[in-house]
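Here are the chains, one letter per residue:
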Amino acid sequence: MSATIISLPDQSTARLPKVNYLNKEHGLLSWLLTGDHKRIAMLYLISTTFFFVIGGAFAAFIRMELLTPAPDLMTSDTYNKVFTAHGLIMVFLFLVPAVPAIFGNFLIPMMIGAKDLAFPKVNLLSWYLYMVAGCLMLGTIIFGGVDTGWTFTTPLSTHYVNTNVISAGLGAFVAGFSSIFTGLNFIVTIHRMRAPGLTWFRLPLFVWAHYAASIQMILGTPVVAIAIVLVALERTIGIGVFDPAKGGDPILFQHLFWFYSHPAVYIMILPPMGIISEVMSTFSRKRVFGYTAVAFSSVAIAVFGFFVWAHHMFIMGISNYSALVFSLLTMLVAVPSAIKIFNWTFTMYKGSITFETPMLYAFGFIGLFTIGGLTGVFLGVMGTDIHLTETYFIVAHFHFVMVGGALMGYLAAIHFWWPKMTGRMYPESISKLAAVIAFVGFNLTFLPQFMLGYMGMPRRYHAYPPEFQVLNVLSTAGATVLGIGYMLPMIYLVWSLKYGKIAGDNPWQATGLEWQTQSPPLTENFTEIPIVDHDAYDYEWLAHKTHREVTSVG
Amino acid sequence: MSEHSNLIDPEHADHHIVSPLVYVAVYLTLLACTGITVWAAYQEFGIFNPVIAVGIACFKGVVVILWFMHVLYSTKLVKLTVFSGFLTFLVLIMMTMLDYFTRAWGRW
Amino acid sequence: MDSQAIATGAANAAEHHAHPSYQRHHFETEGQQREAASLGMWVFLLTEIMFFGGMFFAYLLYRNWYNPAFVEASRQLSIPMGTANTAILITSGFFMALGVWAAEVRKRNLLVLFLILTNIFGCAFLGVKYFEYKEKWEHKHIPGIRYSIEEFMHPLKNANGTTELEGAKALPQDIAQQTEMFFFLYFAMTGMHALHMIIGIGLLVFYTYGAAKGKYTNGYVMPIENFGLYWHFVDIVWIFLFPLLYLINRHG
């Protein structure tokens, strides 16, 4: 495995560009009041990582409790608060925002040849809303927590608990609006700010993926927002909209909640899928196979994703007829995802594959997302779902797609675009090791959970029958390994800021407008707007480029 | 407006300034429809009462969107955006109704 | 969706220097900025449609489940006040549309006049709403906080024996209790609507001030136009709320 496409400038003479977006202005206010999409992306990087660590700590508590069958580490109420905190933070403060707000923000204007997003001030507002949401969630946890699960299921959340449901709901509400404004910005930017010559079908698939996710953000999030408002009103005034005693229907809340929360999972996975398209292509030196199919599949996932939400409610009391319809539609929504997996695989066929770290994470994604997605189809079948729902099978399913899928995609992105964002390369051998550790740790953590669920261990329980202990111990051991796999990048990436090799403009020799500029880029990205006359992933164009279309400074 | 604006956004709005007389016509139409809807509420149309009420409201909404909000004179993109918004709203209503209609519907 | 963009050379480089003062630097042309802002406002309105959508569904569901209670509860709302409010809001929208026209033809004083008129009618709407809410408070029809089903079990009667509210029927207690659901949805939906009106009125004051200084009559129509979109949207929400809440079964 000595072949590599990494191409760095001569380190003895290489320097970071004299002027770039990081050093253009100095001082805290220049960061806190910035309109530069790249700076905002870095603000998000720091804050999402912070919340990810907290969410991960709660995961550690869960796994520690589940080492033994007896409920001996914490009381049941505390355990409920711990898994709720883990879910709320990971879903609303990491999985939904991270990839779009970091990589979408940083890269979309560059990939389309624009100087910034359409609404820079709205972009900054999104970050502040995210921070407010984060503070609300932290405040909720510090002041006693909430124990309803991240799904706020009624009537538990409205009538049977006296924990901090409203502040947690408010946190989710505000995070939702942060997401809405990000999606709004992306949609307008992609429609209206593409460089001359950049038609829709010349866009990188990363942009298509974010466009699709943005549609879901703006159409789905407001519905969960109103659902949360209604829960808050129910708790404070007691109006009865979800209270059977007053004629309300608790299932109404669930319809409104899942109308967003199912598209939300596609919001979490579509941007990482966009990342995989870029990484697969670069490290196979080949155009993404079936570009049009992948582009249309992204949009298809976004559209169909709105038609399947009640598959989260099969056992909640919905009618058999509607359950049947939603089950059939769920089969349909799996198809575009599968199409993408096949297309990425065919991208590699007859390509020149090299195994740099981003590609390792991409491989991990392909394998783990396939398993996660397939188990999703098993769960979409009503007959199996009745037995597997609310067990560890579900937990394993969504961790495979969210962690094995989305988080691996995130890690691929962080390694792939780190040189562009910071101008530095990370140490390749440690990063490969970390990728392998994460992959092994992940499988050890979550594969046993499929078996546990299948054997009947319920989720959200902090005690279980002794016969389940072996698998739980394996799972906790895996979680430890996984934790190491995630901590290593945090360490070496920070290390690389000072000691990493200078990356140069295009260390991966990738296509894409962002790689034709300096690393780190100028604040205005391009000194003049590029004219695009080639398709995405056009490696011949790259090879024949005799002059750079955009110049760098310094 | 320079001809180079086509460079960045080849499709742009008509730039047609709508005359105030059109607005007056729209305004009077809306007032008339309000009157009709109130009148219709006092008539006995059975099951069609709510249908008529919502129908007139939809008509008024469309009129406001097309003329007051200029969608009639806007780009295809804006028209598509408006349409997709209402489509999603309909999906929410219809598919949630799918559940309630098949287990808990009708006068109680 | 446009699928072809016209590629030209660096000929437009000269264009960069000649742009209006209100054009932001990340936009290449003023037209691009205008189209982007307009699309942005429409996308935001889509989120508003979905935000109100959840409440509309709740209304649809409970009106079907508790129809007799909803009929009697709706009878408590004043149709003259509701109709007047509808007309007031439509008029407000009419003046807003005229305001956009005034900005487009660059007539500063007319723009200010129309914005002020829009505002006056908007405030009038809220004023009527205040009286309606006050009446609900007096009759103890505030769900959860101050609610009594007395008037539904025993409708108020006039001196000559007919019911004060025309056509009112007495409800048995269990059905009378369902009227609270109607009032919850009434307050939630009109309250959310009123909140949007208040925000709109605040913004109107801001824009009127800028308009008086001539900010929007030199070609920079975009903020007025986009605010107009928001204002008309709020108008449309009320156009639906009025028949749904006020005009249930007033016949028979």
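See the structure above.
Residues numbered from 1 in each chain as written. Chains lettered and ligands numbered in written order. Predicted model: local features only at pLDDT ≥ 70, side-chain atom pairs only at ≥ 80, totals over all residues. Heavy atoms only, no water.

Colleague: Mind laying out the interface of chain C and chain B, listing which residues take part and the relevant values?
Modeller: The partner chain B presents 62 residues to the 57 residues of chain C that form the contact. Carbon and sulfur atoms supply 76% of the area that chain C and chain B bury against each other, a total of about 5,500 Å² over both sides. Its largest share of buried area at the contact with chain B, chain C owes to Trp42, Trp65 and His251 of chain C, together 12% of the area lost on that side. Summed over the shared surface of chain C and chain B, the result is zero salt bridges. Contributions of two or more residues to the side of chain C that touches chain B are made by α1 (30-65), α3 (79-104) and α8 (222-246) of chain C. Broken down by element, the residue count for the side of chain C that touches chain B peaks at 21 residues, all from α1 of chain C. For the side of chain C that touches chain B, the per-class residue count stands at 31 nonpolar, 16 polar and 10 charged. (Contact = heavy atoms within 4.5 Å. Buried area = accessible area lost by both parts, 1.4 Å probe. Salt bridge = Lys/Arg side-chain N within 4 Å of Asp/Glu carboxyl O. Helix = DSSP H or I, 4+ residues; strand = E, 2+ residues; numbered from the N terminus. Nonpolar A, V, L, I, M, F, W, Y, C, P; charged D, E, K, R; others polar.)

Colleague: So, the interface of chain A and chain B: which residues are in play, and what are the values?
Modeller: With 22 residues of chain A in contact, the opposing surface of chain B contributes 16 residues. Of the roughly 1,700 Å² buried where chain A meets chain B, counting both sides, 71% is carbon and sulfur surface. Where chain A touches chain B, the interface holds one salt bridge. For the salt bridge of arginine 103 of chain B with aspartate 249 of chain A, the shortest nitrogen-to-oxygen distance reads 3.6 Å. Looking at the side of chain A that touches chain B, the elements that each hand over two or more residues are α7 (165-192), α8 (205-236), α9 (250-284) and α11 (320-348) of chain A. Class assignment of the residues belonging to the side of chain A that touches chain B gives a composition of 15 nonpolar, five polar and two charged.

Colleague: If you had to explain unusual backbone geometry to someone new, which residues and values would you point to?
Modeller: Residue and element names in this part refer to chain A. Residue threonine 154 is joined to proline 155 through a cis peptide bond whose omega torsion reads -5°. By secondary structure assignment, the location of proline 155 is in the loop between α5 (120-142) and α6 (156-160). In the segment running from serine 519 into proline 520, the intervening peptide bond is cis, with an omega of -10°. In this fold, proline 520 is placed in the loop between α16 (469-499) and α17 (539-544). The phi angle at asparagine 525 is positive, at roughly 70°, despite the residue not being glycine. By the secondary structure assignment, asparagine 525 is in the loop between α16 and α17.

Colleague: Summarise the pattern of salt bridges; cite the residues concerned and give the values.
Modeller: For the structure shown, the criterion picks out 13 salt bridges over all chains. Linking glutamate 132 of chain C and lysine 129 of chain C is a salt bridge whose minimum nitrogen-to-oxygen distance equals 2.7 Å. You can see glutamate 132 of chain C and its partner lysine 129 of chain C sitting in helix α4 (residues 108-138), three residues apart, about one turn around the helix. Judged by its relative accessible area of 2%, glutamate 132 of chain C falls in the buried class. Its relative accessible area of 3% is what places lysine 129 of chain C among the buried residues. Put simply, lysine 134 of chain C and glutamate 138 of chain C hold a salt bridge, and the shortest N to O gap is 3.4 Å. With lysine 134 of chain C and glutamate 138 of chain C both in helix α4 and four residues apart, this pair spans about one turn of that helix. Assessed through its relative accessible area of 38%, lysine 134 of chain C is described here as partly exposed. Overlapping salt bridges bring together Arg192 of chain A together with Glu30, Arg34 and Glu35 of chain C as one network. (Buried < 20%, exposed > 50% of the residue type's maximum accessible area, 1.4 Å probe, protein only.)

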